[in-house]
2 protein chains.
Amino acid sequence: MYSGGYTGKILRVNLTSKTAQEEKLPLAVAKDFIGGAGLGMKYLFDEVKPGTDALGPDNKLIFAPGPFTGTSIPCASRMAVVGKSPLTGAVGNALTGGYFPAELKFAGWDAVIVEGKAEKPTWVSIKDSSVRFHDAGSLWGTMTFDCQQMIKDNLNDQNTRIICIGPAGERLSKIACIINERRAAGRKGLGAVMGSKNLKAIAVRGTGKVAITSEEKYRAARSEMLKAFKESPVLYSAFSPAGTPMVVDLTGALGILSAKNWSATGEFVPVDQLGLDAQNTRKIGKEHCYDCPVGCSQMKLAKTGPYAGILTEGPEFETIYSFGTQTGVVNLDAVIAADRLADELGLDSMSAGVTIGFAMELFERGILTPADTGGIDLKFGNDQAMMMVLRMMAFREGIGDLLADGTRVAAMKIGKGSEKYAMHIKGLELPAYDVRGAKAHGLNYATAYTGADHNRGYAFQEIFGIPVPWEVDRLSIEGKGKLTKWNQDVRAATCDCATMCAFMLDTALPATSTQNTSALLEAVTGLIFTPDEIQKVGERLNNLAKVFNIREGFTRTDDTFPERLMTEPLKDGASKGQVITKDDLKKMLDEYYTERGWDTQTGVPTRAKLEELGLSTAADLLGV
Amino acid sequence: MYSGGYTGKILRVNLTSKTAQEEKLPLAVAKDFIGGAGLGMKYLFDEVKPGTDALGPDNKLIFAPGPFTGTSIPCASRMAVVGKSPLTGAVGNALTGGYFPAELKFAGWDAVIVEGKAEKPTWVSIKDSSVRFHDAGSLWGTMTFDCQQMIKDNLNDQNTRIICIGPAGERLSKIACIINERRAAGRKGLGAVMGSKNLKAIAVRGTGKVAITSEEKYRAARSEMLKAFKESPVLYSAFSPAGTPMVVDLTGALGILSAKNWSATGEFVPVDQLGLDAQNTRKIGKEHCYDCPVGCSQMKLAKTGPYAGILTEGPEFETIYSFGTQTGVVNLDAVIAADRLADELGLDSMSAGVTIGFAMELFERGILTPADTGGIDLKFGNDQAMMMVLRMMAFREGIGDLLADGTRVAAMKIGKGSEKYAMHIKGLELPAYDVRGAKAHGLNYATAYTGADHNRGYAFQEIFGIPVPWEVDRLSIEGKGKLTKWNQDVRAATCDCATMCAFMLDTALPATSTQNTSALLEAVTGLIFTPDEIQKVGERLNNLAKVFNIREGFTRTDDTFPERLMTEPLKDGASKGQVITKDDLKKMLDEYYTERGWDTQTGVPTRAKLEELGLSTAADLLGV
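Residues numbered from 1 in each chain as written. Chains lettered and ligands numbered in written order. Predicted model: local features only at pLDDT ≥ 70, side-chain atom pairs only at ≥ 80, totals over all residues. Heavy atoms only, no water.

Draft legend 1. Broad picture of the pairing of strand E7 (residues 122-127) of chain A. Residues and elements named next belong to chain A. Most of E7 sits out of view: 5 of its 6 residues are buried. The hairpin formed by E7 and strand E8 (residues 130-135) contains 2 residues between the paired strands, and Asp128 there has a positive phi angle of roughly 50°. Bridge count for E7 against strand E12 (residues 199-205) is 6 bridges, and the pairing is parallel. Within E12, the residue paired with Val124 across the bridge is Ile202. (Buried < 20%, exposed > 50% of the residue type's maximum accessible area, 1.4 Å probe, protein only. Helix = DSSP H or I, 4+ residues; strand = E, 2+ residues; numbered from the N terminus. Pairing = 2+ DSSP bridges.)

In structure tokens form, the structure reads like this:
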């Protein structure tokens with residue numbers, strides 16, 4: 001199986017002892033998990049014991065680009081961040097692009113494992129094999145953009161690439177994210193894990209190159225990929241100039257653009273105010289991740305009212321939902337401003353917006369009162385209230401403190417039946433797609449090991465009508481178990497482990513992503529996988545993560561939906577009348593577990609399945 | 001007089017024709033004006049006709065570093081920006097430090113003359129001798145920090161140095177400034193001149209070095225200077241760690257820290273809230289200009305309330321006055337936030353704060369009402385009102401539009417006797433030093449060719465008690481004419497023409513700045529001047545600027561003070577009872593004109609004086 005020169009290196013940074021050491025990436029790990037989130041999962045599973053406090057010194061944070069990151073392969077700029085999530089208590093991972101991941105590879109590292117806890121606020125700089133620990137006392141409290149500039153100035157190197165946290169991560173907000181440039185490793189509160197370790201930032205600069213095992217195969221595989229890009233009916237023509245905001249119109253038309261804390265999907269479709277045409281009135285440019293020929297990232301400038309002059313990279317579709325439709329705010333300039341502010345504060349724009357929308361519904365229902373909000377009129381659509389509360393969340397002021405840890409914690413603190421309106425699964429706030437009208441999305445939300453996470457097994461079939469691996473009826477629950485397994489495993493392998501950009505795969509390579517990854521892996525690393533073996537890597541990740549979660553106490557009952565989705569049918573729009581009943585969910589879960597080779601009753605992986613995947617140690621741990 | 005290799009080059013950029021051409025800096029200009037503001041004045045005088053609209057295409061903007069900028073001579077990082085001021089109608093100049101000026105020299109340019117008007121928003125990039133014109137349509141509307149980052153990304157060069165305007169300059173606010181990094185060429189509305197030319201930004205990158213005529217003399221002169229720095233009793237021990245905020249305490253103690261639109265100096269001395277100790281509670285670091293061993297610039301981070309997390313380089317002493325004591329705002333975090341916001345918007349923090357303080361007094365007196373302010377409670381001390389109005393000024397919204405052009409224009413529009421409270425001279429808002437208790441400061445404000453400008457002839461003798469060139473009683477008007485001439489000429493020569501940093505000269509070389517400049521000039525350029533000849537260059541600049549202003553219609557009556565300073569004695573504090581009466585002013589002006597060799601009655605330079613300075617053409621123009 002192995003024919004080449006994949007000699008990965010891991011940097012282990014211990015903040016307690018202020019030491020850094022180099023380790024070899026075991027070839028077996030590379031073979032089993034490729035890299036990225038798979039690699040991170042392997043180390044997390046092996047090194048973080050059950051019951052570890054996600055915000056304690058024993059949690060670890062693994063930053064892992066993929067094998068192609070830093071090469072000239074398009075759409076390979078990304079990196080996974082993996083740790084135990086303080087938001088869900090389950091596996092937490094988040095992927096980000098930009099330039100930091102490639103720079104980490106130039107410095108020679110396939111992953112950085114951060115462990116322990118610094119005594120005082122600290123930032124770490126990595127220059128090739130040299131690692132330095134710096135006092136971050138003065139940077140503590142800074143916003144993320146200023147923080148990055150201050151570090152560049154401190155190192156006297158404007159080309160240093162930085163990841164950092166903002167005030168939210170410092171204050172251990174469970175929805176705090178990690179920012180690099182104007183991008184985020186957004187979800188599951190991994191910014192709080194950095195904060196809990198007193199780690200403000202990591203700066204990296206590399207002078208090396210990523211080795212290619214076979215230049216000839218590399219050129220061929222890369223050409224094949226670029227050819228597929230060119231042949232895509234949407235990639236360059238539609239997706240590149242529009243980016244993800246094109247999905248606002250699409251989901252609006254399908255009646256699955258969630259709105260007003262999921263109380264008004266279908267009815268409330270502000271495509272005129274927040275859709276693609278509206279977005280384009282604010283577009284002033286594009287940004288590219290490292291060596292990306294597409295550049296889907298849109299720079300937008302707010303033009304009116306108190307938001308005039310505020311620039312953001314984004315808002316992406318999910319943020320247009322979270323700060324827009326979810327909160328009932330149809331002022332696009334406010335959405336732009338909130339996106340920028342969330343990035344500056346280091347708050348996940350998705351969870352933050354969903355949490356504010358949740359609070360708005362509670363306010364409208366009288367469960368939260370002006371006494372709770374400090375007089376802020378927190379009704380749906382009040383953009384200035386949204387901006388105020390967003391800032392207060394990062395600083396844990398007043399109502400902001402109540403909301404700083406996301407919907408689940410807020411509901412627990414508020415009580416009064418508020419959990420009913422808390423739109424999360426396993427603690428992770430729901431993405432935009434209203435699953436009542438997109439059933440595979442629903443099953444993925446319910447079963448993804450990270451909680452309600454569209455990135456784990458995105459059902460592009462239901463949104464774009466692409467008949468890969470087969471044709472799908474978005475409203476039906478039939479066969480969604482098998483589809484969701486396919487989606488989750490393929491995506492885990494290609495996007496999470498090989499850290500390829502999902503947007504490109506969906507638009508240009510939906511049917512060939514495992515073949516593509518296979519060809520690239522051989523060319524770059526010399527490791528030979530069949531496409532099926534690639535997919536198996538994804539399955540391995542999904543199984544190992546599942547075992548991790550079971551070890552943490554998760555059961556079948558956690559694979560579920562917020563009450564609302566199972567009892568309130570959509571009232572209007574193209575998915576009118578749709579709902580996912582408890583029985584629908586049961587049927588889908590049964591099929592899904594069966595397809596996965598897991599115990600159909602409990603959803604626990606069987607020994608046979610785990611052994612098939614080479615995870616017998618995990619089976620031992622489970623006692624199956 | 002000339003012994004070496006001073007072969008300056010000027011870049012002339014015409015925005016109308018989108019052309020750039022190289023010109024030789026005539027040796028005669030270098031001899032007469034050295035560089036910087038002197039050079040700019042020469043070109044402005046020769047090329048901008050009387051009566052030219054400062055915001056029309058025929059105004060010019062000259063960016064001119066000094067002969068030492070870009071060398072390793074300490075405190076030589078600066079550059080003058082010169083044009084006709086839209087705020088005063090007189091000569092406008094502003095100096096700035098940082099890294100842009102040195103980079104301009106590395107690119108080979110002693111000055112850039114910008115003329116004409118671009119048809120559409122444009123930015124210009126200079127890389128060594130290559131000049132490119134770029135469409136700035138997408139950058140128009142951006143804040144200054146984002147604008148700089150967007151340009152770096154566009155050029156794919158994070159080491160490019162940029163000057164730019166913000167929303168205020170685009171909207172031709174007459175108090176708009178020009179920003180480079182986090183610094184400003186602040187005063188006299190030169191940002192509006194850029195805006196009027198549709199010029200959003202200039203980016204520069206140079207790969208060359210500044211030539212040194214005599215390395216040996218250079219080393220000797222530089223050593224001499226560094227020795228004087230080390231021997232200074234205050235430079236490294238007090239000024240470097242504190243920066244200009246140390247002057248808050250000093251002027252507070254002297255009872256000359258102006259407050260509440262100059263109605264409360266002496267009484268209102270919030271040293272506890274805004275003084276040096278308070279400032280240091282927010283200090284998180286320092287910044288240096290190019291190759292500066294001192295680094296007086298203080299990075300401060302707001303910590304409380306809605307301002308928490310806001311970072312600024314500053315606030316400098318004058319901004320602590322303008323957004324602090326002048327507006328009665330004693331919330332230091334608000335002052336920090338206002339400083340940052342002014343920089344982002346591209347508004348001169350001094351004029352903006354003074355104008356808001358002016359509006360606050362009018363509001364308290366009922367001359368402005370809530371109907372005028374759109375309901376904003378614009379009373380002294382209301383920090384949130386200050387922040388709102390500041391933003392509105394840059395965007396010309398509501399009350400902001402009324403105030404966007406500074407106190408003089410606002411008073412004209414408001415009427416109702418408001419001019420009485422408009423604290424400006426020749427249209428330029430007053431700096432912090434209350435001249436009733438510092439008479440040479442007063443005479444300098446009244447006579448400086450740029451309006452009320454502490455930078456033209458700063459009377460350090462009155463503030464720091466330094467007995468150079470002689471001992472001075474700050475409360476007396478005696479001899480202040482002679483002193484002001486000395487201050488203005490020495491400073492014009494060393495700081496404005498040779499573009500040396502005034503802070504260093506004041507603290508380390510007050511008695512030897514002309515000798516120092518003379519030695520450095522010979523070492524770097526081969527041009528030989530005696531110290532007296534250096535001072536003469538300053539006198540030449542002051543005379544030529546005076547003639548320019550007379551040509552524009554200025555007369556002796558413009559060399560005056562706001563009414564308040566001549567009629568209301570200071571009510572409390574260490575300068576209690578002090579005032580500058582009309583008679584005091586007359587006496588000081590008479591002495592000043594006489595010392596200058598100008599007509600004592602009219603304040604017009606005599607032919608004899610102009611011919612002595614080699615300015616007979618100017619005498620011809622005046623008809624004297």
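Draft legend 2. A look at empty space enclosed by the protein. Per the counting criterion, the structure on display carries 9 cavities of 30 Å³ or more. The calculated volume of the largest cavity comes to roughly 110 Å³. If you trace the largest cavity, you find 14 residues lining it, with Phe460, Val490, Arg491, Asp506 and Ser513 of chain B closest to the centre. Broken down by secondary-structure element, the contributors of at least two residues to the lining of the largest cavity are helix H21 (480-497) and helix H22 (502-508) of chain B. Counting residues per element, the lining of the largest cavity draws most heavily on H21 of chain B, which supplies 6 residues. Within the lining of the largest cavity, the residues separate by chemical class into 8 nonpolar, 4 polar and 2 charged. Of the volumes computed, that of the second largest cavity is approximately 90 Å³. Taken together, 13 residues line the second largest cavity, and the ones lying closest to its centre are Phe460, Val490, Arg491, Asp506 and Ser513 of chain A. Every element with two or more residues in the lining of the second largest cavity is listed here: helix H21 (480-497) and helix H22 (502-508) of chain A. (1 Å grid on protein atoms, 1.4 Å probe; cavity = no way out; pocket = protein on both sides within 12 Å on 5 of 7 lines; lining within 4 Å. Points joined across faces, edges and corners; volume = space filled by probe spheres on them. Nonpolar A, V, L, I, M, F, W, Y, C, P; charged D, E, K, R; others polar.)

Draft legend 3. Geometry of the interface of chain A and chain B. With 26 residues of chain A at the interface, the matching set in chain B holds 26 residues. Summed over both sides, the interface between chain A and chain B buries roughly 2200 Å², with carbon and sulfur atoms accounting for 51% of that surface. In this structure, the connection of chain A to chain B is made through 4 salt bridges. Ionic pairing is found between Asp146 of chain A and Arg340 of chain B, a salt bridge with its closest N-O pair at 2.9 Å. On the surface where chain A and chain B come into contact, there are 8 residue pairs in polar contact (both at pLDDT 80 or more). Sorting the residues of the side of chain A that touches chain B by element identifies helix H4 (144-155), strand E13 (283-287), strand E14 (297-301) and helix H16 (383-395) of chain A as the ones contributing at least two each. (Contact = heavy atoms within 4.5 Å. Buried area = accessible area lost by both parts, 1.4 Å probe. Salt bridge = Lys/Arg side-chain N within 4 Å of Asp/Glu carboxyl O. Polar contact = N/O pair within 3.5 Å; in protein donor to acceptor, adjacent residues only side chain to side chain.)

Draft legend 4. View of the relation of the copies chain A and chain B. Superposing chain A onto chain B requires a rotation of 180° together with a translation of 0.0 Å along the rotation axis, leaving an RMSD of 0.0 Å. Read as a symmetry element, the transformation amounts to a two-fold axis. Minimal C-alpha distance to the rotation axis in chain A is attained by Gln158 of chain A, lying at 2.8 Å. A share of 100% of interface residues in chain A that are also interface residues in chain B marks the association as one of identical surfaces. (Least-squares fit on C-alpha atoms with pLDDT ≥ 70 in both.)

Draft legend 5. The arrangement of the environment of Gly191 of chain B in detail. All names here are of chain B. For Gly191, the location among the structural elements is in helix H6 (residues 190-196). Residue classification places Gly191 among the buried positions, given a relative accessible area of 0%. Considered as a pair, Gly191 and Ala168 are 23 residues apart in the sequence and their alpha carbons are 7.7 Å apart. With residues near it in sequence (within four places) discarded, Gly191 still touches Ile165, Gly169, Ala176, Cys177 and Ile178.

Draft legend 6. Representation of the nonpolar core within the structure. With 120 residues, the main nonpolar core has Phe63, Ile126, Ile178 and Leu390 of chain A as its most contacted residues. When residues no more than four places from it in sequence are discounted, the contact partners of Ile178 of chain A are Leu61, Phe63, Val81, Ile163, Cys164, Ile165, Arg183, Ala184, Ala185, Leu190, Gly191 and Met194 of chain A. Ranked by size, the runner-up nonpolar core spans 90 residues in total, among them Met143, Tyr321, Met392 and Met588 of chain B. (Core = buried A, V, L, I, M, F, W, Y, C linked by side-chain atoms within 4.5 Å.)

Draft legend 7. Molecular detail of the state of the cysteines. Residue and element names in this part refer to chain B. All chains considered together, the criterion is met by 0 disulfides over all chains. The thiol of Cys164 is unpaired, and the distance to the nearest cysteine sulfur, on Cys147, comes to 4.1 Å. By relative accessible area, Cys164 is classed as buried at 0%. Considering cysteine sulfurs only, Cys289 is the nearest to Cys292, which forms no disulfide, with 6.2 Å between them. A residue is classified by how much of its surface remains accessible, and Cys292, at 15% relative accessible area, is buried. (Disulfide = S-S within 2.5 Å.)

Draft legend 8. Just the packing of helix H12 (residues 317-325) of chain A against helix H14 (residues 349-364) of chain A, in detail. Residues and elements named next belong to chain A. Between H12 and H14, the least distance of the axes is 7 Å, while the angle of their chain directions is 25°. Looking at the two axes, H12 sits roughly parallel to H14. H14 is crossed by H12, and the crossing has left-handed handedness. When H12 is examined against H14, the residues Glu318, Thr319, Tyr321, Ser322 and Phe323 are found in contact with a partner set consisting of Ser349, Met350, Ala352, Gly353, Val354 and Ile356. Along the lines of polarity and charge, the residues of the contact of H12 with H14 split into 6 nonpolar, 4 polar and 1 charged. (Axes fitted to C-alpha atoms, helices over the stretch in contact; angles between N-to-C directions. Parallel < 35°, antiparallel > 145°, perpendicular 65-115°, else oblique. Left-handed = near helix turned anticlockwise from the far one by under 90°.)

Draft legend 9. Region of the structure containing the packing of aromatic side chains. Overall, the coordinates contain 20 aromatic pairs over all chains when judged by the stated rule. Taken together, a centroid distance of 5.9 Å and an interplanar angle of 90° make the contact between Tyr592 of chain B and Trp598 of chain B edge-to-face. Each member of the pair, Tyr592 of chain B together with Trp598 of chain B, is buried. The structure contains a cluster of three or more aromatic residues connected by ring pairs, namely Phe317, Tyr433, Tyr458 and Phe464 of chain A. (Phe/Tyr/Trp six-rings, centres within 6.5 Å; stacked < 30°, edge-to-face > 60°.)

Draft legend 10. Highlighting the sheet that holds strand E4 (residues 79-84) of chain B. Residue and element names in this part refer to chain B. Read across the open sheet, the 6 strands follow the order E2-E1-E6-E3-E4-E5; overall the sheet is mixed. Each edge of the open sheet is held by one strand with a lone partner, namely strand E2 (19-24) and strand E5 (91-96). On average, each strand axis in the sheet is tilted by 15° relative to the strand beside it, whichever way the strands run.

Draft legend 11. Summary view of the sheet that holds E13 of chain A. Residue and element names in this part refer to chain A. Read across the open sheet, the 3 strands follow the order E13-E14-E15; overall the sheet is antiparallel. Two strands close off the open sheet at either side, each with one partner strand: E13 and strand E15 (311-313). Ignoring strand direction, the axes of neighbouring strands in this sheet form an average angle of 20°.

Draft legend 12. View of the packing of H21 of chain A against helix H24 (residues 531-551) of chain A. Residue and element names in this part refer to chain A. Where H21 contacts H24, the two axes come as close as 7 Å, and the packing angle between them is 100°. Accordingly, the angle class assigned to the pair H21 and H24 is roughly perpendicular. Here Lys485, Trp486, Gln488, Asp489, Val490, Ala492, Ala493, Thr494, Asp496 and Cys497 of H21 come into contact with H24, specifically with Ile534, Gln535, Val537, Gly538, Glu539, Leu541 and Asn542. Across the contact of H21 with H24, the residue classes tally to 8 nonpolar, 5 polar and 4 charged.

Draft legend 13. Quick look at the pattern of salt bridges. The full count for this structure, using the stated rule, is 101 salt bridges over all chains. Between Lys42 of chain B and Asp46 of chain B there is a salt bridge, and its shortest N-O distance comes to 3.0 Å. Of this pair, Lys42 of chain B and Asp46 of chain B both sit in helix H2 (residues 36-47), 4 residues apart, which is roughly one turn of the helix. With a relative accessible area of 25%, Lys42 of chain B lands in the partly exposed category. Asp453 of chain B is the partner of Arg456 of chain B in a salt bridge, and the nearest nitrogen-oxygen pair spans 2.7 Å. The pair formed by Arg456 of chain B and Asp453 of chain B is uniform in burial state, with each residue classed as buried. Residues joined in a network through salt bridges with shared partners are Lys485, Asp489, Lys536, Glu539, Arg596, Lys609 and Glu612 of chain A.

Draft legend 14. Broad picture of the pairing of strand E9 (residues 161-164) of chain A. Residues and elements named next belong to chain A. Across the two faces of E9 the burial is the same, with Arg161 and Ile163 and Ile162 and Cys164 all buried. Pairing geometry for E9 and E12, over 4 bridges, is antiparallel. Residue pairing in the sheet places Ile163 in a bridge with Ile202 of E12. Strand direction decides the pairing type here: E9 and strand E10 (residues 178-180), joined by 2 bridges, are antiparallel. Residue pairing for E10: Cys164 is matched across the bridge by Ile179.

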